[in-house]
Amino acid sequence: MVNSITIWLSCFCVSATSAVFWQKLPAQQSMAVMLAIVLIANVVIVLFWFHCRTNKQTLIEAQLCLALSGLLVGVLWVASLGHFYHAWQLPPDKIQQDVTILGRVISGGCVSKSATDANAHRHYIVAIQAIDEQRANDFLNPSAFNSLLSFGFEFRARLSQTQVEFANTKAFGHSDTPYEYNSTSLSYTTPLEGVVCLHDGDVFTALVKLKPAYGFANPVGFNRQQHLVSQFIQTTGYIKQVDAKTINHHHNHRYALGAWLSSLELFHHSWWSALLLGNKTLFTDDDWTILQRTGTGHLFSISGMHLSIVAGVCFLLLMPFIFVFGQGIILLSPLKRFTLSYSTFMSQQKGLRFRFTHARLRILVLLSVIIACCFYALLSGMALPVVRALLLLAIASWVTISKVAWRPVNIGLAMLALCLVLFPFSILNASFYLSIGAVICIWFFVSTLSIQHGRWYFAAAKLQIALTFIMMPLTTIWFSNVSVISLVANLAAMPIVTVLLPICLISLLISYFFSHAAIGQIGTEIIKYSDHLFGYLLSLLTFLSELNYSAFNLFVSTSSALCFLGAIILFCLPKWRFKYFCILLLLLPLVTSLGKWLPPNDEHWALHVLDAGQASAIAVSKGDRAIIIDSGAIYRGNATTATQALFPLLDSIKVQHVDHVIHTHSDNDHAGGLAAVMAHPFAKNAKFYSPTLGCERNAYVDWQGLSIRFLWPLKGNEQDNNAMSCVVKISGRSGSVLIPGDIEKESEYALITKTLNEETSTLKADILIAPHHGSDTSSTDIFIKHVSPKAVIYTQGYENRWKFPAVNVVERYKRNKVVQFFTSYDGYTIVSFEKDDYHVNTQRGGLKKRWYLKARAPRHLEWPIQ
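Keep in mind that this is a model prediction, so the values were computed, not measured.

Caption draft 1: Just the packing of helix H7 (residues 253-263) against helix H17 (residues 486-513), in detail. At a closest axis distance of 10 Å, the pairing of H7 and H17 adopts a crossing angle of 90°. For the element pair H7 / H17, the angle class is roughly perpendicular. Between H7, through His253, Ala256, Leu257, Trp260 and Leu261, and H17, the contact on the second element is made entirely by Leu508, Leu509, Ser511, Tyr512 and Phe513. The residue inventory of the contact of H7 with H17, partitioned by class, reads eight nonpolar, two polar and no charged.

This is the structure:
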């Protein structure tokens, strides 16, 4: 029976997890066929089971049917929810419109009173109940998936909040002065700056602007769209106004503890808020840098590790109870001469009849631990890694109590299957694989290699070393970053966090619930002293993070990283004949992908057009050298396109030098990343160009056999604007590219006039970057004819306010039979020039086509275009 359950659960988990690689969801007709096969397979399993005891061949056939059933059920479960997610979307008439919502904050709310002042820009996960008095459930189309609503799914939105004002009379019809809820006096007060901070559980009414959940599609960097789907978020937007009178506050103990922790005025308050309450919203950019470069982010993000510490402390606290009531039971078994246990004897002396059996004691202890862990999970905001660990603990406890003959692998499979049922889209999130990988690693080294033998501190150090190396390939796959000093940082920080977490958590609870008693004052003093000690740990982590090469970006393929993981596992296994030969074979993909010593391919070059939203970021690469044309925008002081997409992309394709940097003009959407480019080591010897610096007609650069020709503006230009954008043409034997910046029709006419007497027009190009993102003021019909491109690429953002590209512009290119690509729809676009030809590929089209990265066409255009 156990083997049958193992077979079914294994197949279910494998098929459900494989959804990460699906390019598209199975059609509903195919799913109906799968369902029929599952029903038939289950009937066959039942029929075979009556004969399997005497017929071994029948048992094998039954197990095959069982495996088929598990595989198909896993596919059906994820596919059904995938169709359900795509069917439950924001109605078109609500997109980018001011709408009034009724919602409930799920997560992201303020945990402490200081959160409003400390972090004015917030992000909430909100369950929307109604939009403009229309129920969110009515948005489901088609209604074939209505039955899934009974599973408790909610229409979720990710809403940002920046200095939100309270509703005024025009917005909501209230004429009174706006109010803010005061958690201390439990009353409403007038806000100082018109800013409101919502809390988890709050039900509120607000004026918001929404659009479907979407994100940039680049081959490197954070994939926002995938992250939103993993949290089952259907829409995003921002809050414009909150109606203070309609806020129904639900301040739980987590919020109260956060407020109390804030009132203690600890020097490292943000770190304690993350460690004790799971609130990471107070971290600064410098704090995140420390965590990333030292590889200690998991220590300050409440997870299964923290739950295991809490469970271990609970067992330690219950040890006296176990000793007193369990001593007689322990002695009774080996010493058959005793007729009464110690616990029975003590109860008879007191005139009571307590008969604690071994099973009852075990149940009592395990239930106590589970209850304590449930409380801790609530305190952490029900973080998903904590919930997964809690499920594992609950299943293991049930197996222990019921005396079911399950091995650790069976318990792990049951936990994994339950997580896939309760949180199916978590397979799209890195935390799923890091949590599962950590559990498998601990089980492997403890059960298989018996790493726990010996002194406990040596065993803990060995386990930490093993975890560091085992998790390195997984973190590389998801974050493309390796921390060199993570082993040292974790060996130093792990014991301190392990000791401080239970002590400070208990002290916080005592100081909060007994604030006016002496014991409460003791708890407060313990926290403050711990804060002083924690400062030394933070100083060490800061020192380690500031070391040169403490961390570096590492871009390898998923297959190479998994081969490296396999090599590490083989290295840990006992010695066998071909062990090191197999390890060497598994390391080859990683070595070849990292080998900058390999000669670059200088025969082909490529144009890289990044998905930068309503901005432009372009690069041309050949061998290990590159040219940058525009670097994207800067927002809130962060040039995210340049630092998190452009340079990581160049690093991933083994570029080591940027020779030329051309900014077509100084607008933020083109030159916002200028400072970041100038500061990057790749561009330390680069030559910079702009409309007033080096970019002038007839200027020419020979770059690795490619010609860089500047066509506009004219020599002596002193203006840096759209009309005088730098127009550059890059040509090679296999093709050419024209990048005209934001020029408009007057500049287009001037360019055409300058080329009228040329035998071969310098404007003619195979690939054209659409002028001014496809504005109707550019891309005139005569300009398109003179350029005569085979393909045009629009650098525009999804649902941008200017509705770029304009309908007329799209029609002009269509009339001229030009293939059109949209960065908002296709994502990152690469044009590879090889020998005498070129080909175009896109992120959403072929490089990484996935069902959860569904492309969204501009609503103002008739689709499909071609």
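Caption draft 2: Summary view of the environment of valine 831. Residue placement: valine 831 occurs in strand E24 (residues 829-834). A residue is classified by how much of its surface remains accessible, and valine 831, at 0% relative accessible area, is buried. Residues valine 831 and valine 620, spaced 211 residues apart in sequence, show a C-alpha to C-alpha distance of 9.5 Å.

Caption draft 3: Representation of the state of the cysteines in the model. With the rule as written, the count across this model stands at one disulfide. Cysteine 695 shares a disulfide with cysteine 726; S-S distance 1.8 Å. The chirality of the disulfide connecting cysteine 695 with cysteine 726 is right-handed, given an S-S dihedral of about 95°. Remark: cysteine 726 occurs in the loop between strand E18 (706-712) and strand E19 (727-732) and cysteine 695 occurs in the loop between strand E16 (687-689) and strand E17 (700-703); sequence separation between them is 31 residues. Side by side, cysteine 695 and cysteine 726 carry an identical accessibility label, which is buried. Between cysteine 373, a free cysteine, and cysteine 314, which holds the nearest cysteine sulfur, the sulfur-to-sulfur gap is 5.6 Å. For cysteine 373, a relative accessible area of 0% gives the class buried. The closest cysteine sulfur to the non-disulfide-bonded cysteine 419 is located on cysteine 13, 9.2 Å from its own sulfur.

Caption draft 4: Local environment of the packing of aromatic side chains. By the definition in use, this model includes 31 aromatic pairs. Aromatic side chains tryptophan 271 and phenylalanine 300 sit 5.0 Å apart centroid to centroid with 80° between the ring planes, which places their arrangement in the edge-to-face category. Taken together, the residues span a long stretch of sequence, with tryptophan 271 in helix H8 (residues 269-277) and phenylalanine 300 in the loop between helix H9 (285-294) and helix H10 (304-332) at a distance of 29 residues. Like phenylalanine 300, tryptophan 271 is buried. For the pair tyrosine 794 and tyrosine 813, a centre-to-centre distance of 6.0 Å together with 85° between the ring planes defines the contact as edge-to-face. Pair noted here: tyrosine 794 is in strand E22 (residues 791-794) and tyrosine 813 is in helix H26 (residues 807-815), with a separation of 19 residues, a long-range link. You can call tyrosine 794 buried: its relative accessible area is 0%. Since its relative accessible area comes to 0%, tyrosine 813 is described here as buried. Three or more aromatic residues joined by ring pairs make a cluster, and in this case those are Phe84, Tyr85, Trp88, Phe139, Phe153, Phe155, Phe232, Phe425, Trp851 and Tyr852. Its guanidinium or amino end placed over the ring of phenylalanine 571, lysine 579 lies 5.7 Å from that ring's centre, counting from NZ or CZ.

Caption draft 5: Structural context of the sheet that holds strand E12 (residues 604-609). On the basis of which strands lie adjacent, the open sheet formed by seven strands has the order E16-E15-E14-E13-E12-E24-E25 and mixed pairing. Bordering the open sheet on either side are E16 and strand E25 (837-842), each of which pairs with just one other strand. Each neighbouring strand pair of the sheet contributes to a mean axis angle of 15°, computed without reference to strand direction. In terms of strand pairing, strand E15 (residues 657-662) meets E16 through three bridges, oriented parallel. When the sheet's bridge partners are listed, valine 661 is paired in E16 with phenylalanine 688.

Caption draft 6: Structural view of the pattern of salt bridges. Applying the stated criterion across every chain yields a total of 13 salt bridges. In this structure, aspartate 98 and lysine 209 form a salt bridge, with 3.9 Å as the shortest nitrogen-oxygen distance. In this pair, aspartate 98 is assigned in strand E1 (residues 98-107) and lysine 209 in strand E8 (residues 203-212), connecting sequence segments 111 residues apart. Residue class for lysine 209 comes out partly exposed when judged on its relative accessible area of 22%. Among the ionic pairs, aspartate 200 bridges to arginine 254, the shortest N-O distance being 3.3 Å. Of the two residues, aspartate 200 is situated in the loop between strand E7 (187-189) and E8 and arginine 254 in helix H7; the sequence distance between them amounts to 54 residues. Its relative accessible area of 18% is what places aspartate 200 among the buried residues. A residue is classified by how much of its surface remains accessible, and arginine 254, at 11% relative accessible area, is buried. What emerges from the salt-bridge pattern is a single network uniting Asp98, Lys209 and Lys240.

Conventions we followed
Residues numbered from 1 in each chain as written. Predicted model: local features only at pLDDT ≥ 70, side-chain atom pairs only at ≥ 80, totals over all residues. Heavy atoms only, no water. Axes fitted to C-alpha atoms, helices over the stretch in contact; angles between N-to-C directions. Helix = DSSP H or I, 4+ residues; strand = E, 2+ residues; numbered from the N terminus. Parallel < 35°, antiparallel > 145°, perpendicular 65-115°, else oblique. Contact = heavy atoms within 4.5 Å. Nonpolar A, V, L, I, M, F, W, Y, C, P; charged D, E, K, R; others polar. Buried < 20%, exposed > 50% of the residue type's maximum accessible area, 1.4 Å probe, protein only. Disulfide = S-S within 2.5 Å. Phe/Tyr/Trp six-rings, centres within 6.5 Å; stacked < 30°, edge-to-face > 60°. Lys NZ or Arg CZ within 6 Å of the ring centre and 35° of its normal. Pairing = 2+ DSSP bridges. Salt bridge = Lys/Arg side-chain N within 4 Å of Asp/Glu carboxyl O.

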